[in-house]
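If you want the building blocks of each chain, they are given just below.
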Amino acid sequence: MAIHCPECGFINAKGANYCQKCGAYLSRPEGADEPTTMTYTVDESGEMHQIDIDEVVEQAGAALVIRSGGGRTGESFTLEEEKVSIGRTPEAAVFLDDVTVSRNHALVVRRRDGLYIDDLGSLNGTYVNRRRIESHALEDGDEIQIGKYKLSYLEKEKG
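Just so it is clear, the model here is predicted, and its values are computed rather than measured.

Chemist: How should I be thinking about the overall build of the protein in this particular structure?
Modeler: Broken down by element type, the protein carries one helix and 15 strands. Burial status across the protein gives 38% buried among its 159 residues. Considering only contacts within the protein whose residues lie at least 6 apart along the sequence, 31% involve residues at least 24 apart. For the protein, the computed accessible surface area is about 10000 Å², with 46% contributed by carbon and sulfur atoms.

Laid out in structure tokens, this is it:
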């Protein structure tokens, strides 16, 4: 029996765990164990290092984690700087290699009242929680979509 993707509607083969078209997790029958994804960072040499995302968020204050897209699920990026660039240029702090991502697509900016994501006039837009934005104050758990990539914004609990 084929499995329909809850995100994009694509019909996937029986037994598939992730959508062949968009990479979304395909839910399992009741009682099945929840999947876990290794969270990691990539150093300058391209080597992957497994990390505990809760510890990273606690230390850095905030992070972005790729949920799907480009075979990089679980890759994380700390948001410690005043400005963090997102785009298709290899110089971007969050490099997203996809033709639907602009070279200089978006910017995470620290302002007095928190972190914001600003779209930099990209052709295909930046989406937060499935709504196209120009600028958005980020909140823990926000889903950011840029091109084929879906990222989760995680921040340290306040208080």
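Chemist: Mind showing me how you'd approach the side chain of Glu155 here?
Modeler: With respect to the helices and strands, Glu155 occurs in strand β15 (residues 149-155). Among the polar contacts made by the side chain of Glu155, one reaches the side chain of Tyr153 at a distance of 2.9 Å. Every residue in contact with Glu155, bar those within four places of it in the chain, is listed here: Val57, Gly61, Ala62, Leu138, Glu139 and Asp140.

Chemist: Sorry, what's going on with the nonpolar core here?
Modeler: A general tendency of soluble globular proteins is for nonpolar side chains to be buried together. Grouped together as the largest cluster of nonpolar side chains are 22 residues, with contacts concentrated most on Leu64, Ile86, Leu96, Val108, Ile117 and Ile144. Beyond its immediate chain neighbours, meaning those up to four positions away, Leu64 contacts Glu75, Ser76, Phe77, Leu79, Ile86, Val94, Val108, Ile144, Leu151, Ser152 and Tyr153.

Chemist: Where do I start with the sheet that holds strand β11 (residues 126-128) in this structure?
Modeler: Each strand in a sheet pairs with another by means of backbone hydrogen bonds, the pair being arranged parallel or else antiparallel. With antiparallel pairing, the six strands of this open sheet are ordered in space as β6-β5-β15-β14-β11-β12. In this open sheet, the two strands that pair with only one neighbour each are β6 (76-78) and β12 (131-133). Between one strand axis and the next, the sheet turns by 30° as a mean value, whatever way the strands run. Both β11 and strand β14 (residues 143-146) contribute to a ladder of two bridges, which runs antiparallel. Bridging from a neighbouring strand, Tyr127 pairs with Gln145 of β14.

What counts, and where the lines are drawn
Residues numbered from 1 in each chain as written. Predicted model: local features only at pLDDT ≥ 70, side-chain atom pairs only at ≥ 80, totals over all residues. Heavy atoms only, no water. Helix = DSSP H or I, 4+ residues; strand = E, 2+ residues; numbered from the N terminus. Buried < 20%, exposed > 50% of the residue type's maximum accessible area, 1.4 Å probe, protein only. Contact = heavy atoms within 4.5 Å. Areas by Shrake-Rupley, 256 points an atom, 1.4 Å probe, with all protein chains shown as cover. Polar contact = N/O pair within 3.5 Å; in protein donor to acceptor, adjacent residues only side chain to side chain. Core = buried A, V, L, I, M, F, W, Y, C linked by side-chain atoms within 4.5 Å. Pairing = 2+ DSSP bridges. Axes fitted to C-alpha atoms, helices over the stretch in contact; angles between N-to-C directions.

Without other data, these values stay purely geometric and don't point to any function.
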